[in-house]
Amino acid sequence: MLGRLNHVALAVPDLTAAVAVYRNTLGAEVTEPQALPEHGVTVVFVNVGNTKIELLEPLGESSPIAPFLAKNPSGGMHHLCYEVDDILAARDQLMAAGARVLGDGNPKTGAHGKPVLFLHPKDFFGTLIELEQS
Ligand code: CO
């Protein structure tokens, strides 16, 4: 089921400052910010060759990453995103195995314009997992 690692996501309190660090201090290629109101975040992607780093800043009043940043004010690793060939088949297989899918269980459109789902961190060793259809 599990394909390649699409990205590692970091929640950051200040996206402009984080982009400056990745672009200027680390010398990385960083995309332009993209607002995703449906997900309550603004994102950029840092291209690191074998995968990407997603930097997430809260967007709106009820951003799902706001509680994470309240607990981790300087930011931190938020989730891992793995690619799957068929997101609905993956969801059904995971739910049959007892894993919890967040939200209403239906994929939303992610930052790459593809369907995504999130899996409960308590079922995966404390790590929030995003699945993205490849
Ligand atoms: Co992500």
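See the structure printed just above.
All chains use their own residue numbering, which begins from 1 and follows the written sequence. Under the rules for a predicted model, residues below a pLDDT of 70 receive no local features and side-chain atom pairs below 80 are neither given nor counted, while totals for whole chains, interfaces and linings still include all residues. Heavy atoms throughout the structure, all of them, feed into the side-chain values; hydrogens and water do not.

Chemist: What is the right way to look at the coordination of the cobalt ion in this model?
Modeler: Each angle at a metal carrying four tetrahedral donors should ideally be 109.5 degrees, and each at a metal carrying six octahedral donors should ideally be 90 or 180 degrees. Coordinating donors are taken to be N, O and S atoms lying within 2.8 Å of the metal, or within 3.2 Å when the metal is Na, K or Ca; because water is excluded from the atom set, some sites may appear incomplete. Taken together, the protein ligands of the cobalt ion are H7 (NE2), E54 (OE), H79 (NE2) and E130 (OE), with distances of 2.1 to 2.2 Å. Between the donor residues of the cobalt ion, the gaps in sequence give the motif H-x46-E-x24-H-x50-E. With E54 in strand β5 (residues 52–58) and H79 in strand β6 (residues 76–84), the pair connects residues that are 25 residues apart, well separated along the chain. Its relative accessible area of 5% is what places E54 among the buried residues. Judged by its relative accessible area of 3%, H79 is buried. Where helices and strands are cited, they refer to DSSP runs of H or I of at least four residues and of E of at least two residues respectively, numbered from the N terminus. Buried residues are those whose accessible area, probed at 1.4 Å on protein chains only, stays under 20% of the maximum for their type, while exposed residues exceed 50% and partly exposed ones sit between those limits.

Chemist: What is the right way to read the nonpolar core from this model?
Modeler: A general feature of soluble globular proteins is that nonpolar side chains tend to end up buried together. Note on terminology: a nonpolar core comprises buried Ala, Val, Leu, Ile, Met, Phe, Trp, Tyr and Cys residues joined through side-chain atoms within 4.5 Å. Within the largest apolar cluster, 25 residues are counted, with the highest numbers of intra-cluster contacts made by V46, L55, L119 and L131. Secondary structure elements with two or more residues in this core: α1 (15–25), β4 (41–47), β5, β6, α3 (87–96), β8 (115–119) and β9 (128–133). It is α1 that contributes the most residues to this core, four residues altogether. Discounting chain neighbours no more than four positions away, the residues touching V46 are Y22, A28, E29, V30, T51, K52, I53 and L55. Within the second largest apolar cluster, ten residues are counted, among which are A11, V41, I65 and A111. Contacts are residue-level and defined by heavy atoms, with any inter-residue pair within 4.5 Å sufficient.

Shape descriptors only; they carry no functional weight alone.
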